Amino acid sequence: SFPTRRSSDLAALDDFNMAIDLDKSCARAYYERGQVKYKLDDPRGAIIDYNSALRVDPKFTDVYAGRGLAKIRVCEYKEAAEDFTHAIAVQPDCADNYCNRAVALFEQAEFDKALADCQKAIDLQPGNVAAWTNLGIIKNEIDLLADARVALDRALELDPDYSLALYCSGLLYS
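Scoring rules and cut-offs
- Residues numbered from 1 in each chain as written.
- Predicted model: local features only at pLDDT ≥ 70, side-chain atom pairs only at ≥ 80, totals over all residues.
- Heavy atoms only, no water.
- Helix = DSSP H or I, 4+ residues; strand = E, 2+ residues; numbered from the N terminus.
- Buried < 20%, exposed > 50% of the residue type's maximum accessible area, 1.4 Å probe, protein only.
- Contact = heavy atoms within 4.5 Å.
- Areas by Shrake-Rupley, 256 points an atom, 1.4 Å probe, with all protein chains shown as cover.
- Phe/Tyr/Trp six-rings, centres within 6.5 Å; stacked < 30°, edge-to-face > 60°.
- Lys NZ or Arg CZ within 6 Å of the ring centre and 35° of its normal.
- Disulfide = S-S within 2.5 Å.
- Core = buried A, V, L, I, M, F, W, Y, C linked by side-chain atoms within 4.5 Å.
- Axes fitted to C-alpha atoms, helices over the stretch in contact; angles between N-to-C directions.
- Parallel < 35°, antiparallel > 145°, perpendicular 65-115°, else oblique.
- Left-handed = near helix turned anticlockwise from the far one by under 90°.
- Nonpolar A, V, L, I, M, F, W, Y, C, P; charged D, E, K, R; others polar.

**Looking at the overall build of the protein chain**
- When helices and strands are tallied, the protein chain shows 10 helices and zero strands.
- Along the protein chain, helices (α) and strands (β) appear in the sequence α-α-α-α-α-α-α-α-α-α when read from the amino end.
- Within the protein chain, the proportion of its 174 residues that are buried is 43%.
- Here the analysis covers contacts within the protein chain between residues at least 6 apart in sequence; of these, 44% occur between residues at least 24 apart.
- As presented, the protein chain carries roughly 9500 Å² of accessible surface, and 54% of it is formed by carbon and sulfur atoms.

**Some details on the packing of aromatic side chains**
- What the rule picks out here adds up to three aromatic pairs.
- Over the ring of Tyr38 we find Arg73; its NZ or CZ atom is 4.7 Å from the centre of that ring.

**Looking at the environment of Gly34**
- By the secondary structure assignment, Gly34 is in helix α2 (residues 27–39).
- Here Gly34 falls in the buried class, since its relative accessible area comes to 0%.
- In this structure, the C-alpha to C-alpha distance between Gly34 and Ala148, residues 114 residues apart in sequence, is 35 Å.

**Re the state of the cysteines**
- Overall, the coordinates contain zero disulfides when judged by the stated rule.
- We note that Cys75 lacks a disulfide partner, and the nearest cysteine sulfur, in Cys168, lies 17 Å from it.
- A disulfide-free cysteine, Cys168 has its sulfur positioned 12 Å from the sulfur of Cys118, the nearest such atom.
- Take Cys168: its relative accessible area is 11%, and that puts it in the buried class.

**Considering the nonpolar core**
- In this structure, Ala53, Val63 and Leu135 are the most contacted members of the largest nonpolar core, which totals 46 residues.
- A per-element tally of this core places helix α6 (residues 95–107) first, with seven residues.
- Setting aside residues no more than four positions away along its own chain, Leu135 makes contact with Leu115, Cys118, Ile122 and Ala151.

**So, the packing of α6 against helix α7 (residues 111–124)**
- Packing of α6 against α7 brings their axes to within 8 Å, and their N-to-C directions diverge by 165°. In terms of axis orientation, α6 runs roughly antiparallel to α7. Between α6 and α7 lies a crossing whose hand is left-handed. For the pair formed by α6 and α7, the contact residues are Ala95, Tyr98, Cys99, Arg101, Ala102, Leu105 and Phe106 on the first element and Phe111, Lys113, Ala114, Asp117, Cys118, Lys120, Ala121 and Leu124 on the second.
- A breakdown of the residues in the contact of α6 with α7 according to their chemical character gives 11 nonpolar, no polar and four charged.

Structure below.
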C-alpha cells in the first residue's frame, strides 16, 4: 500500500529532526521542518522553526512568507503583515505575498491597504483566484456590494470550484 500524505509528512518530520540533531546550523532544515509542521496544522511549532531558521541565517528570506502564513493562522495579524512586507521587499514581483498581506491587513481593518495589496497581486498575476476572492471579501466588508460581486464572479470564472469564492458569493445573495 502507498503511504498516506500524513505518514509521508511524519517521515519527513523525522528526517528533518535528525538533520537538525546532526547540524543545528542548518537553517534550511528548520525551515523545511516548519513547512511540514504548518501542513500538519501546527502553526505555532512552524513559527518556532521559522524563528530558528532566521536565527541561524538572518538572510534566509524564504522564511518570512512561511512565517507570515503561520502567524495568520494564530491570529497574529500585525506580525504577519510585517513578515509579508519583508518578503515583498525581497520578492516584489510575488503576487502571493501581496495577497497574503492583504489578509493580514484586512483582519486589522486596514481596508484601504488591503485593497491596494489585492490590486497589486492582480496586476502581477491576473489569474490569481485568491486575490480576486480577497478583493471581493474586502469590498463586501466595506459595503461595495456591486464591486464585491464583480470580483467574486471573476474568481469563479477563473476557478468555478474555489470553495471560498463560492461561499462568499452565496453570502452576497443571501
